[in-house]
Amino acid sequence: MVVRVRFAPSPTGYLHLGGARTALFNYLFAKAENGVFILRIEDTDKERSRREFEEDIIDSLNWLGLFWDEGPIRQSERIDLYEKIIKELIDKDLAYYCFCSKEELELRKQEQLTRGEVPRYSGTCRNLDKQTVLKRKEKENYVIRLKVPEKIITFKDFLRGEIKFDFRQSGDFVIAKKEKEPLYVLANTVDDHYQGITHVIRGEEFILTTPKQLLIYQYLDWQPPIFVHLPLVLGQDRSKLSKRHGAKSINEYRQEGYLPEAILNFVALLGWHPAGDREIISLEEMIKEFKLEKLNKSPTIFNISKLNYFNRHYLKTKKPEELIDLLDFSTYINNYSYEKILKIIELGKERATTLNDILPSVEFFFKDFDYSAEMLIWKNTSREKIKNNLEEIKKEFAKIKEEDFRAEKIKEILDRLSGNNKGEYFWPLRVALSGKEASPPPFDLAEVFGKEKTIDLINKAIEKL
Ligand code: GLU
């Protein structure tokens, strides 16, 4: 059997971390099993579906590198198929037209609640004769409901085992607003069947839809897929995940300078864990290790600081050559050579959490900066001493040939001059070259600035003292 799985988002919002996780696990399972990964856009809800969201979902999946083998298949383009199935269910007397108005339904619901019953459709239109239906259809609004049996059924979730569901409490449920307006529960089932889906891997919030879908399979004599419901993702306060917990759309994370590798690594661990205590794992390694049996079933807690940790890690592993095109240099106009720009990126990424931190942290290479004379003073050292030290540094630098003005050589000189009093030399030079108290090492800064500019900046510092 060839494994066929799908990611089936409704384009009613942007792709979020939870959706990315569902997509990732489907993708991993398909790849691990040499199967097929399908992208299906469930856009039957005309009011809430928007092209903009569909584009966002597709862009985000591409950016994450979760490429699909078939699709995108749009449900809005398959309405005829759903209509055929709806009619078949009606013809077989397994579904029926319901003319009850919203007001009537609400009234009944209130009555049931007062009697202490679980509200459910009371079956008013269940047995209308054909003639009545035909007549009323012409003038009245209607929906289409599936007839449910008066019994408890059990079904199997791959991770959770047997689950009981009481159809007596659900009542006949709506499968379509009109013949050409199927609801999710129906369109999703029809597609899973016709697209040969072998495993439905989706969020736990759909678990109670499963028995309803299984009933449709049974009525149509179809073989159902295996259902795997992924654990809920909760905020640290154990409440449903929301913006408040720092959960944003994938595209927002992208704008904020997160790397796709970090997002994938982060969402992979929301409900799954590779062998051992390993946390850092690439997409290729995930494919090798992925097993459905290893998914958790208990809720997983979302900890956004972990994402920062992964992002710092993946930034460190990237070469400046790979990062250069991902950075926005528009406000950092300069005449540095390509090699120097690479070096600047190398220095900037060391302290960065996101791509967006890189250039601001080495802004002094691009923009004039200022600082106070006091900043140049190392601890209790006198002003005079600092001034002398900078003079000494300058004299030594002046002796170096332009082409030898390299970090190693510069460090050697600073080490020699400072002996045991490193701070008295390194500190004022750092401030002179960056205007900051925290920066990459001053010998690296000096190399990028080059001899002439470095000496200029030292002179500026000496003047302040
Ligand atoms: N369209 C549903 C959603 O938006 C898909 C649920 C499923 O995977 O069955 O999440």
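As a reminder, the structure under discussion sits directly above these lines.
Draft legend 1. View of the sheet that holds strand S8 (residues 173–178). In space, the four strands of this open sheet follow the order S4-S5-S8-S9, with antiparallel pairing throughout. Here the strands that pair on one side only, and so sit at the sheet edges, are strand S4 (95–98) and strand S9 (181–182). Across three bridges, the pairing between strand S5 (residues 143–146) and S8 is antiparallel. Bridge pairing in S8 links Arg-145 to Val-174. Sheet contacts for helix H7 (residues 184–194): S8 and S9; angle to S8, the most-contacted strand, approximately 90 degrees.

Draft legend 2. How the structure looks around the pattern of salt bridges. Taken as a whole and assessed by the stated rule, the structure comprises 42 salt bridges. Members of the salt-bridge network, linked through shared partners, are Arg-6, Arg-40, Glu-42, Arg-78, Asp-191 and Asp-192.

Draft legend 3. Local environment of the packing of aromatic side chains. Scanning the entire structure with this criterion turns up 23 aromatic pairs. Relative to Trp-222, the ring of Tyr-194 lies with its centre 5.6 Å away and its plane at 80 degrees, an arrangement referred to as edge-to-face. With Tyr-194 in helix H7 and Trp-222 in the loop between helix H8 (210–220) and strand S11 (226–230), the pair connects residues that are 28 residues apart, well separated along the chain. According to the relative accessible area criterion, Tyr-194 is partly exposed, its value standing at 40%. Ring centres of Phe-329 and Phe-366 lie 6.5 Å apart, and the angle between their planes is 70 degrees; on these two criteria the pair is classed as edge-to-face. Here the residue Phe-329 occupies a position in the loop between helix H13 (320–323) and helix H14 (338–349), and Phe-366 occupies one in the loop between helix H15 (355–361) and helix H16 (383–399), the gap between them amounting to 37 residues. Among the residues examined, Phe-366 registers a relative accessible area of 13% and is labelled buried.

Draft legend 4. Seen up close, the environment of Phe-167. Relative to the helices and strands, Phe-167 is located in helix H6 (residues 167–170). A sequence separation of 240 residues divides Phe-167 from Ala-407, and the C-alpha atoms of the two residues are 75 Å apart. In this view, Phe-167 contacts Arg-120, Val-148, Pro-149, Lys-151, Ile-153, Phe-173, Pro-211, Lys-212 and Leu-215; residues no more than four positions away in its chain are not counted.

Draft legend 5. Fine view of the sheet that holds strand S1 (residues 4–7). In space, the three strands of this open sheet follow the order S1-S2-S3, with parallel pairing throughout. Where the open sheet ends on each side, the last strands, each with one partner, are S1 and strand S3 (70–74). Direction aside, neighbouring strands of the sheet carry axes that sit 25 degrees apart on average. In the packing of helix H1 (residues 17–32) onto the sheet, contacts are made with S1 and strand S2 (36–41), and the angle to S1 comes to roughly 165 degrees.

Draft legend 6. A look at the side chain of Arg-40. Within the fold, Arg-40 resides in strand S2. In terms of polar contacts, Arg-40 uses its side chain to reach the side chain of Asp-192, at 2.6 Å. Separated by 3.0 Å, the side chains of Arg-40 and Gln-195 make a polar contact. Non-local contacts of Arg-40, meaning those with residues more than four positions away in its chain, are made with Arg-6, Phe-7, Ala-8, Pro-9, Ile-73, Gln-75, Asn-188, Asp-191, Asp-192, Gln-195 and Ile-197.

Draft legend 7. Structural context of the nonpolar core. In this structure, Leu-24, Phe-365 and Phe-397 are the most contacted members of the largest nonpolar core, which totals 103 residues. Considering every element that reaches this core, the biggest residue donor is helix H19 (residues 442–464), with ten residues. Filtering out sequence-adjacent residues up to four positions away, Phe-365 remains in contact with Tyr-336, Ile-344, Leu-347, Leu-445, Val-448 and Phe-449. Listed in part, the 46 residues of the second largest apolar core include Cys-98, Ile-144, Ile-163 and Ala-187.

Draft legend 8. A look at the site of the ligand. Surrounding the ligand, one finds Arg-6, Ala-8, Ser-10, Glu-42, Tyr-184, Asn-188, Arg-202 and Phe-206. Note that a nitrogen atom of the ligand is positioned 2.6 Å from one of the side-chain N or O atoms of Glu-42. Contact between the ligand and Asn-188: an oxygen atom at 3.1 Å from a side-chain N or O atom of the residue. The protein chains hide 83% of the 300 Å² of surface that the ligand would expose on its own. Here the residues of the shell around the ligand sort into three nonpolar, two polar and three charged.

Draft legend 9. Representation of the packing of H7 against H8 in the model. In contact at an axis separation of 10 Å, H7 and H8 are set at 55 degrees when each is read in the N-to-C sense. Taken together, the axis directions place H7 and H8 in an arrangement best described as oblique. When you trace H7 past H8, the crossing you get is right-handed. Only Lys-212, Gln-213, Ile-216 and Tyr-217 of H8 make contact with H7, whose side of the interface consists of Tyr-184, Val-185, Leu-186, Asn-188, Thr-189, Asp-192 and His-193. Residue composition of the contact of H7 with H8, by class: five nonpolar, four polar and two charged.

Rules of the game
- The residue count restarts for each chain, going from 1 along the sequence in the order it is written.
- Per-residue local features of the predicted model are confined to residues with pLDDT of at least 70, and side-chain atom pairs are confined, for both listing and counting, to 80 or more; whole-chain, interface and lining totals are unaffected and use all residues.
- Values shown for side chains rest on all heavy atoms present in the structure; no hydrogens or waters enter the calculation.
- Paired strands, in this sense, are two strands between which DSSP finds at least two bridges.
- Runs of H or I in DSSP of at least four residues are treated as helices and runs of E of at least two as strands, each being numbered from the N terminus.
- Here, residues are in contact when the closest pair of their heavy atoms is within 4.5 Å.
- Fitting a line to C-alpha atoms yields each axis, with helices limited to the stretch in contact; the angle taken between N-to-C directions then spans 0 to 180 degrees.
- In what follows, salt bridge is the name for a side-chain nitrogen of Lys or Arg lying within 4 Å of a carboxyl oxygen of Asp or Glu.
- Two aromatic rings from Phe, Tyr or Trp, using only the six-membered ring of Trp, form a pair when their centres are within 6.5 Å; if the ring planes differ by under 30 degrees the pair is stacked, by over 60 it is edge-to-face, and anything between is tilted.
- Using a 1.4 Å probe on the protein chains alone, a residue whose accessible area is under 20% of its type maximum counts as buried, one over 50% counts as exposed, and one in between counts as partly exposed.
- Pairs of N or O atoms within 3.5 Å make up the polar contacts considered here, provided that, within protein, one atom can donate a hydrogen while the other can accept it, and that residues adjacent in sequence are counted only when both atoms are side-chain atoms.
- Only buried residues count toward a nonpolar core. Its members are Ala, Val, Leu, Ile, Met, Phe, Trp, Tyr and Cys residues joined through side-chain atoms within 4.5 Å.
- It suffices for a single heavy atom of a residue to lie within 4 Å of a molecule or strand for the residue to be listed as near it.
- Note on areas: Shrake-Rupley with a 1.4 Å probe; residue coverage comes only from the protein chains shown.
- Note on residue categories: nonpolar means Ala, Val, Leu, Ile, Met, Phe, Trp, Tyr, Cys or Pro, charged means Asp, Glu, Lys or Arg, and polar means any other residue, Gly included.
- An angle below 35 degrees is read as roughly parallel, one above 145 as roughly antiparallel, one from 65 to 115 as roughly perpendicular, and any other as oblique.
- Each crossing is labelled by how the near helix is turned from the far one, with a counterclockwise turn of less than a right angle marking it left-handed and a clockwise turn marking it right-handed.

Note that every value here comes from positions in space, so none of it alone points to a role or purpose.
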